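Residues per chain are reported as follows:
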Amino acid sequence: MIFPNTAILGAGTIGMSWAALFAATGRKVAIYDPAPTAEAHVKHFFETSAETLRKLEWEQAGDTSGLRFTTDPAEAVAGADFIQESVPERIAIKHDLYRAIEPALAKGAIIGTSTSGLKLSELQEGFENPGRLVLAHPFNPPHLIPLVEMLANDKTDADVLDAAQGFYESLGKVCVRLHKEVPGHIANRLQAAIWREAINLAVEGVASVGDIDKAVTYGPGLRWAAMGPTCLFHLGGGEGGIRAFCDHLGPALKTWWDDLGHPDLTPAVVDTLEAGIREETHGQSLEELAARRDDLVLSYIRKLTAKD
């Protein structure tokens, strides 16, 4: 097994999900979080996520026997081969944590940071020797969604990125690599662009929040689940492929780009979104919505990964 001893730093939504996946693969997991309720929340999450993980064929899903909890980050990383850092998205908090754990790191240990938008170069400033830190951003929830966005740079030790990718792939992950750092990485920038225009359409009165979401769910969202936008437009170009598509629809796309909005998340805009969500969800709880999301995503993942 690659990296049998793991540590989770931060047991919030992302950290709990990582912990459930690590444990389901049979790895030992030490969990650091200063909150007094962390252990109870993690164990509850293990219970609620176990069925999904079993459907992904992780036979030890829900097993808490290999868990260890601590409020000392240095104690959590002691003896760990691989560490997943998922503390709050504030550079000072992460730097303080890195300074606390560095003296306790085992030789060769790798740290993957779950940061959703901070730059690797900024994060590395928290270490005296940052060579074992890589960007490893999951998509929520990481126990279910396969994507991990990865980045190393000239301060990263030569073997680390390949070793980290091998670890994530052993968890069933699909890894993509950034060639340069940008705020928000790849997937968050893409979804930010789509959401910006969804907000613009809502506040401009073009359609309701619910119908805009339906337009994605029952239209391009189905295609995007199968292939990325550039490959789909390549198909749309017929025999001429992407070049024919750009020749045919390029001028029209340029007019759409020029007309896209730039809304701000003002209180009034947030009020519009909140009212739209209430109408769209018909009183469903967050747990009910999450369960529906997970069931739909799980069915697609199982189909995508099925062996013929």
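The text that follows walks through the structure, step by step, so that each part is easy to find.

The rules we used
- Residues numbered from 1 in each chain as written.
- Predicted model: local features only at pLDDT ≥ 70, side-chain atom pairs only at ≥ 80, totals over all residues.
- Heavy atoms only, no water.
- Pairing = 2+ DSSP bridges.
- Helix = DSSP H or I, 4+ residues; strand = E, 2+ residues; numbered from the N terminus.
- Axes fitted to C-alpha atoms, helices over the stretch in contact; angles between N-to-C directions.
- Buried < 20%, exposed > 50% of the residue type's maximum accessible area, 1.4 Å probe, protein only.
- Right-handed = clockwise from strand over helix to strand, strands pointing away.
- Arc of directions from axis to C-beta.
- Core = buried A, V, L, I, M, F, W, Y, C linked by side-chain atoms within 4.5 Å.
- Contact = heavy atoms within 4.5 Å.
- Phe/Tyr/Trp six-rings, centres within 6.5 Å; stacked < 30°, edge-to-face > 60°.
- Expected span 1.5 Å × (residues − 1).
- Polar contact = N/O pair within 3.5 Å; in protein donor to acceptor, adjacent residues only side chain to side chain.

## With respect to the sheet that holds strand S8 (residues 174-177)
- Strand order across the open sheet formed by eight strands is S3-S2-S1-S4-S5-S6-S7-S8, with mixed pairing between neighbours. Because the sheet does not close on itself, it has two edges, and the strands there are strand S3 (67-70) and S8. Taken pair by pair, the neighbouring strands of this sheet meet at an average axis angle of 25°, ignoring direction.
- Sheet analysis places strand S2 (residues 28-32) next to S3, joined by four bridges and oriented parallel. Looking at S3, one finds that alanine 30 is bridged to arginine 68.

## A few points about the pairing of strand S7 (residues 147-151)
- Most of S7 sits inside the fold, with four of its five residues counted as buried.
- The sheet contact formed by strand S6 (residues 133-138) and S7 spans four bridges and is antiparallel. Its bridge partner lying in S7, leucine 135 is registered against leucine 151.
- Inspection of the sheet shows S7 paired to S8 by four bridges, in the parallel sense. Each residue of the ladder has a partner; that of glutamate 149, found in S8, is valine 176.
- Tracing the backbone out of S7, into helix H6 (residues 160-170) and back to the parallel element S8 gives a crossover that is right-handed.

## Some thoughts on helix H4 (residues 91-101)
- Three or more residues of H4 are buried, namely Lys94, His95, Leu97, Tyr98 and Ile101. Angularly, the buried residues of H4 cover 160° about the axis, an arc narrow enough to put them on a single face.

## Focus on the pairing of strand S5 (residues 110-113)
- With burial as the criterion, each face of S5 is covered, one bearing Ile110 and Gly112 and the other bearing Ile111 and Thr113.
- As judged from the four bridges shared by strand S4 (residues 82-85) and S5, these two strands associate in the parallel manner. Bridged to glutamate 85 within S5 is threonine 113.
- Handedness of the crossover is the feature at issue here: the chain leaves S4, passes through H4, returns alongside S5, and the resulting connection is right-handed.

## A look at the nonpolar core
- Among the nonpolar cores identified, the biggest contains 33 residues, and Trp18, Val29, Ile31 and Tyr168 are the most heavily contacted of them.
- Looking at which element gives the most residues to this core, the answer is helix H1 (residues 13-24), with eight residues.
- Every residue in contact with valine 29, bar those within four places of it in the chain, is listed here: Thr6, Ile8, Ala19, Phe22, Ala23, Gly66, Leu67 and Arg68.
- Ranked by size, the runner-up nonpolar core spans 22 residues in total, among them Ala7, Leu9, Val87 and Leu135.

## Section: the packing of aromatic side chains
- As enumerated under the stated definition, the model contains ten aromatic pairs in all.
- Here phenylalanine 233 and phenylalanine 245 contribute two aromatic rings whose centre-to-centre distance is 4.3 Å and whose plane-to-plane angle is 10°, an arrangement assigned as stacked. Taken together, the residues span a long stretch of sequence, with phenylalanine 233 in helix H10 (residues 229-236) and phenylalanine 245 in helix H11 (residues 241-259) at a distance of twelve residues.
- Residue classification places phenylalanine 233 among the partly exposed positions, given a relative accessible area of 32%.
- Each member of the aromatic cluster is reached from another via a ring pair, and the members are Phe3, Trp18, Phe22, Phe82, Phe167 and Tyr168.

## Quick word on helix H12 (residues 267-281)
- Here H12 contains 15 residues, and its C-alpha end-to-end distance of 21 Å stays within 8% of the 21 Å for a straight helix at 1.5 Å per residue.
- Along H12, the residues classified as buried are Val269, Leu273, Gly276 and Thr281. Looking down the long axis of H12, one finds its buried residues gathered within 115° of arc, a one-sided arrangement. Structural note: H12 exposes Pro267, Ala268, Arg278 and Glu279 on the side pointing more than 90 degrees away from its buried face.
- In this structure, the buried side of H12 is in contact with helix H7 (187-203), helix H8 (209-217) and helix H13 (286-305).
- Directly beyond the C-terminal end of H12, a positive phi value near 50° is found at histidine 282.

## Re the environment of glutamate 85
- Mapped onto the elements of the fold, glutamate 85 is located in strand S4.
- The class of glutamate 85 is buried, set by a relative accessible area of 0%.
- Put simply, glutamate 85 and leucine 56 are 29 residues apart on the chain and 24 Å apart in space, counted from C-alpha to C-alpha.
- What glutamate 85 contacts, discounting residues up to four positions off in sequence, is Leu9, Lys94, Leu97, Tyr98, Ile111, Gly112, Thr113 and Ser114.
- Side chain to side chain, glutamate 85 and tyrosine 98 meet in a polar contact 2.7 Å long.

## Quick word on unusual backbone geometry
- Omega for the bond connecting asparagine 140 with proline 141 falls within 30 degrees of zero, at -5°, which places this linkage in the cis form.
- Relative to the elements of secondary structure, proline 141 occurs in the loop between S6 and S7.
- Positioned with a positive phi, phenylalanine 3 is a non-glycine residue whose angle comes to about 55°.
- Owing to a relative accessible area of 18%, phenylalanine 3 belongs among the buried residues under this scheme.
- Although it is not a glycine, glutamate 57 adopts a positive phi angle of roughly 75°.
- As for its placement among the helices and strands, glutamate 57 is situated in the loop between helix H2 (38-55) and S3.
- Judged by its relative accessible area of 66%, glutamate 57 is exposed.

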